[in-house]
Amino acid sequence: MTLTSLPGPSRDEVQAHRGASAIAPENTIAAFRAAAEAGAKWVELDVAFSADNRLIVIHDDSVDRTSSGKGSLGALTQSEIGALDGGAWFDPRFAGERIPTLAETIAALGEFGLSANVEIKQHAHHKSLDQLVRAVQADISKRSADTRIMISSFDAQCLKAMHQLEPDLEMAMLWVQAPEDWEQQLAAIPATTIHMHYKAVSIGLLEHVRERGIKVRVWTCNDPMQLVSFWHAGLTGVITDDPAVFLG
Ligand code: G3P
Ligand code: MG
């Protein structure tokens, strides 16, 4: 059997994790451009507040791992974060790449024809959930007509608050593995989608979830062979560092 004859996700169900983070520095405009060049239609990205409550696209609660600088997001302003090199740590070819704001990223997605799964991170330095979700709403409201947005979070309160503001957006609850009472928890958010670790998914869970009209995407899988048995059971999509391997 060839790779192209194996079951797999549709193009619209391959989300590039932090952009195409296998080939470009995660959560940068370069990584989002690389995702589009690989043929992806969707990217996943992480957002959090800087010290001056500007939304930054970054995974960790500090800049240490993914930039030339040091310090926690709660101690650095957006202009301090924006002045750092966010690319050279990954490869010298990306020197000069910046850690973008969500607003800059939303504008770039429009240029690249991309849609986004905006993962809202809740960090200890965040003071107001209301301020956080309102800031996300303000930035995503400036998206281009072709950019679709969905929201995900490990924090159920974030999803609830975001749903109050944007009831039409798809909301995905992030769990490493679905809890026993996943159905009640989802109904309370309310969310229509589970995003879970690919090693925790099972055919039994997918069949159960599908009967209830709930979608499941898995993260972070970079090997299509790992998911072959799940597509027929109702797996909806994949979040991957390397979209090219799923897009063929
Ligand atoms: O959205 C899936 C995945 O991004 C969740 O984990 O830690 O990579 O943000 P993390
Ligand atoms: Mg994420």
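In short, a report on the structure. (Residues numbered from 1 in each chain as written. Chains lettered and ligands numbered in written order. Predicted model: local features only at pLDDT ≥ 70, side-chain atom pairs only at ≥ 80, totals over all residues. Heavy atoms only, no water.)

Before going further, it helps to spend a moment on the site of ligand 1. Residues in contact with ligand 1, as listed here, are His17, Arg18, Glu44, Asp46, His59, Glu119, Lys121, Phe154, Leu174 and Trp219. Arg18 is positioned such that a nitrogen or oxygen atom in its side chain is 2.7 Å from an oxygen atom of ligand 1. Taking 290 Å² as the accessible area of ligand 1 by itself, protein coverage stands at 91%. Looking at the shell around ligand 1 residue by residue, the classes come out as 3 nonpolar, 2 polar and 5 charged. (Near = heavy atom within 4 Å. Polar contact = N/O pair within 3.5 Å; in protein donor to acceptor, adjacent residues only side chain to side chain. Areas by Shrake-Rupley, 256 points an atom, 1.4 Å probe, with all protein chains shown as cover. Nonpolar A, V, L, I, M, F, W, Y, C, P; charged D, E, K, R; others polar.)

Here the focus is the nonpolar core. For soluble globular proteins, the rule of thumb is that nonpolar side chains tend to be buried together. In terms of nonpolar packing, the biggest core is built from 65 residues, with Leu45, Ile151 and Leu227 touching the most fellow members. The biggest single contributor to this core is helix α1 (residues 29-37), with 6 residues. In contact with Leu45, not counting residues within four places along its chain, are Asn27, Phe32, Val57, Leu102, Thr105, Leu109, Ala116, Asn117, Val118 and Glu119. Counting 9 residues, the second-largest nonpolar core is a separate cluster that includes Ala48, Ile56, Val63 and Ile81. (Core = buried A, V, L, I, M, F, W, Y, C linked by side-chain atoms within 4.5 Å. Buried < 20%, exposed > 50% of the residue type's maximum accessible area, 1.4 Å probe, protein only. Helix = DSSP H or I, 4+ residues; strand = E, 2+ residues; numbered from the N terminus. Contact = heavy atoms within 4.5 Å.)

What follows covers the coordination of the magnesium ion (ligand 2). Protein-derived coordination of the magnesium ion (ligand 2) comes from Glu44 (OE), Asp46 (OD) and Glu119 (OE), at a distance range of 1.9 to 2.2 Å. We note that the donor set of the magnesium ion (ligand 2) lies within a single chain, spaced as E-x1-D-x72-E. Comparing Glu44 with Asp46, the two get one shared label, buried. (Donors = N, O, S within 2.8 Å, 3.2 Å for Na, K, Ca; no water.)

Attention shifts here to helix α7 (residues 203-211). Taken residue by residue, α7 has Leu205, Leu206 and Val209 as its buried positions. Seen from one end, α7 has its buried residues packed into an arc of 100°, which puts them on one side. (Arc of directions from axis to C-beta.)

Let's shift gears to the side chain of Thr101. Mapped onto the fold, Thr101 is located in the loop between α2 (78-82) and α3 (102-112). Residues within four places of Thr101 in sequence aside, it is in contact with Arg54, Leu55, Ile56, Val57 and Gln78.

Bringing the pairing of strand β2 (residues 42-49) into the picture now. When you tally the buried positions in β2, you get 8 out of 8 residues, the bulk of the element. Of the two faces of β2, both are covered, the one formed by Trp42, Glu44, Asp46 and Ala48 as well as the one formed by Val43, Leu45, Val47 and Phe49. Summarising the sheet, strand β1 (residues 14-17) and β2 pair through 3 bridges and their orientation is parallel. Across the sheet, His17 pairs through a bridge with Glu44, a residue of β2. (Pairing = 2+ DSSP bridges.)

Attention now goes to empty space enclosed by the protein. Going through the model one piece at a time under the given rule, you end up with 1 cavity of 30 Å³ or more. Of the voids in this model, the largest cavity is the one considered here, and its volume is about 50 Å³. As for the largest cavity, its lining consists of Glu26, Asn27, Thr28, Val57, Ile58, His59, Thr66, Arg98, Ile99 and Pro100. Of the residues that constitute the lining of the largest cavity, the class distribution is 4 nonpolar, 4 polar and 2 charged. (1 Å grid on protein atoms, 1.4 Å probe; cavity = no way out; pocket = protein on both sides within 12 Å on 5 of 7 lines; lining within 4 Å. Points joined across faces, edges and corners; volume = space filled by probe spheres on them.)

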